[in-house]
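Fold and geometry: a report
Residues per chain, in single letters:
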Amino acid sequence: MIRPKVFKVALLLLISMIISSCTENSIKQTSTELPDQFIVVLGVAQDAGYPQAGCEKACCRRYWSGEHKEERVVSLGIVDRAVGKVWMIEATPDFKSQWHDLNEKARLNKTAPDGIFLTHAHVGHYTGLMELGREIMGAANVPVYGMPVMRSYLTENGPWSQLVSLGNIGLQKLVADSTVQLSPEISITPFLVPHRDEFSETVGYRIESGSKSIIFIPDIDKWSKWDRDIRKVVASADVAFLDASFFRNGEIDRDMSEVPHPFVEESMVLFEDLPENERSKVHFIHFNHTNPLIWDEEVRQSVRAKGFGVASEGDVFALDE
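My aim in this report is to walk through the structure given alongside it, one point at a time. Every value quoted in this text rests on a predicted model; they were computed, and no experiment measured them. (Residues numbered from 1 in each chain as written. Predicted model: local features only at pLDDT ≥ 70, side-chain atom pairs only at ≥ 80, totals over all residues. Heavy atoms only, no water.)

Observations concerning the overall build of the protein
Selection criterion: Strands are runs of DSSP state E lasting at least two residues, helices are runs of H or I lasting at least four, and both sets are numbered from the N terminus onward. Only protein chains enter the accessibility calculation, which uses a 1.4 Å probe; a residue whose area is less than 20% of its type maximum is buried, one above 50% is exposed, and one in between is partly exposed. Pairs of residues are marked as contacts when any of their non-hydrogen atoms sit within 4.5 Å. Here, Shrake-Rupley sampling with a 1.4 Å probe gives the accessible areas, and only protein chains in the shown set may cover a residue.
What the protein contains, in helices and strands, is ten helices and 14 strands. Across the 321 residues of the protein, 55% fall into the buried class. Intrachain contacts of the protein at a sequence separation of at least 6 include 69% that bridge at least 24 residues. Roughly 14,500 Å² of accessible area belongs to the protein as shown, and the carbon and sulfur atoms make up 51% of that amount.

Concerning the nonpolar core
In plain terms, the rule: Buried Ala, Val, Leu, Ile, Met, Phe, Trp, Tyr and Cys residues that are joined via side-chain atoms within 4.5 Å together make up what is termed a nonpolar core.
Core analysis: the biggest nonpolar cluster contains 62 residues, and Ile 78, Phe 117, Ile 217, Phe 241 and Phe 284 have the highest contact counts within it. Once residues within four sequence positions are removed from consideration, Ile 78 is found in contact with Phe 38, Ile 39, Lys 85, Val 86, Trp 87, Ile 89, Leu 182, Ile 186, Ile 188, Ile 207 and Leu 319. Within the second largest apolar cluster, 29 residues are counted, among which are Ala 106, Tyr 153, Trp 160 and Val 316.

As for the pattern of salt bridges
Side-chain pairing between opposite charges can occur once the charged atoms of the two side chains come close. Using the following cut-off: Think of a salt bridge as a Lys or Arg side-chain nitrogen and an Asp or Glu carboxyl oxygen that are within 4 Å of each other.
All chains considered together, the criterion is met by twelve salt bridges. Across the pair Asp 114 and Lys 110 runs a salt bridge, and its minimum N-O distance is 3.1 Å. For the salt bridge of Glu 265 with Arg 248, the shortest nitrogen-to-oxygen distance reads 3.2 Å. Within this pair, whereas Glu 265 is found in helix α8 (residues 264-271), its partner Arg 248 is found in the loop between β11 (239-243) and α8, the two being separated by 17 residues in sequence. Through salt bridges that share partners, Arg 72, Asp 101 and Glu 313 make up one connected network.

Description of helix α3 (residues 95-106)
Put simply, the rule is: In this scheme, a helix's expected span is set at 1.5 Å multiplied by one less than its residue total. In this description, the arc belongs to the directions extending from the helix axis to the C-beta atoms.
With twelve residues, α3 extends 16 Å from end C-alpha to end C-alpha; this agrees with the ideal 16 Å at 1.5 Å per step. Among all positions of α3, only Phe 95, Gln 98, Trp 99, Leu 102, Asn 103, Lys 105 and Ala 106 are buried. The buried residues of α3 occupy one face: seen down the axis, they fall within an arc of 165 degrees. Summarising the geometry of α3, the exposed residues directed more than 90 degrees from the buried face are Lys 96 and Glu 104. Where the residues of α3 are buried, they touch β1 (37-43), β2 (75-80), β3 (85-89), β4 (116-117) and β14 (316-318). Just downstream of α3 lies Arg 107, where phi reads positive at about 55 degrees.

Quick word on the environment of Leu 154
Tracing the backbone through its elements, the reader meets Leu 154 in helix α5 (residues 148-156). Using a relative accessible area of 1% as the deciding quantity, one classes Leu 154 as buried. Sequence separation between Leu 154 and Leu 171 is 17 residues; the distance between their C-alpha atoms is 8.8 Å. For Leu 154, the contacting residues outside a window of four places in its chain are Leu 118, Tyr 126, Leu 129, Val 144, Trp 160, Ser 161, Val 164 and Leu 171.

Observations concerning the packing of aromatic side chains
Applicable threshold: When the centres of two rings from Phe, Tyr and Trp lie within 6.5 Å, Trp using its six-membered ring, the rings pair. Their planes under 30 degrees apart give stacked, over 60 give edge-to-face, and anything left gives tilted.
All chains considered together, the criterion is met by nine aromatic pairs. With a centroid separation of 4.1 Å and an interplanar angle of 5 degrees, the aromatic rings of Phe 117 and Tyr 145 are classed as stacked. Placement of the pair is Phe 117 in strand β4 and Tyr 145 in strand β5 (residues 142-146), with a sequence separation of 28 residues. One exposure class covers both Phe 117 and Tyr 145, and it is buried. Arranged with centres 5.7 Å apart and planes meeting at 45 degrees, the rings of Phe 284 and Phe 308 form a pair that is tilted. Within this pair, whereas Phe 284 is found in strand β12 (residues 282-285), its partner Phe 308 is found in the loop between α10 (297-305) and β13 (309-310), the two being separated by 24 residues in sequence. An aromatic cluster is present here, built from Tyr 126, Tyr 153, Trp 160 and Phe 199 joined pairwise through their rings.

Some thoughts on the environment of Leu 270
Within the secondary structure, Leu 270 sits in helix α8. For Leu 270, a relative accessible area of 31% corresponds to the partly exposed category. Considered as a pair, Leu 270 and Ile 230 are 40 residues apart in the sequence and their alpha carbons are 9.3 Å apart. When residues no more than four places from it in sequence are discounted, the contact partners of Leu 270 are Trp 223, Ile 230 and Arg 231.

Encoded structure:
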């Protein structure tokens, strides 16, 4: 007689295998098998990572008890081996390990990224720039791309201003909806999104190659606040990494209207009537430590069973297919 628990685990594994076999956008391979041009997920957590400092709840106790691994803060790497260059989106508190892993995967033996693109001035998205300073890497003029207020914030506030004055970073201008050509085959375009802009504006990015288009929106207040239709944005892309900070309302012990994000439950309802091939483009990312998508495999599988993707560290998406 098969025990219910054993049957449940076997069923989840079967569902996972079926979904993985049907997901054409993502390829998980060893570094020797990777294409010349690709994007890699370097982190999936919200700004504070997982576990979060000061959290004694069951979600973070899973890490301290050894039930779940640490999860790094959200970041993407972009690689074009044809021109020997690599770029990062976001400079997170986990920058040192993320840069190491990106450099290893690219196999280009770089001393620093060829560029870093920032979305906004919340702590998980830019504070890793400190690693480029004279106390650590002592980098020379690493291009850091930011919107006007973001650049002003870095120029006018220490310790970031020291990175500018010492030439560790070279600030590069971004203009909303204006494309930056990274290489002959790869470009990136920022676009403004509504978010809590205390210190800078906030952007998402579209990364494009000759054959692929990838959207990255780790932070937005609500889809309904945006002047663009997220469903059409998803339709225009091959992959869309979308804000999934919280799974549902009431997830944290505070007024969640103070930290607005689209709940995963809301997003799934918004996208539920899309064709299966459209839903599969959505890959949820940027998980708060309280979001079960970061630590509960059963919840992850339930979301995947509805046709959506759940980003995992190390996921690779080819740009040259």
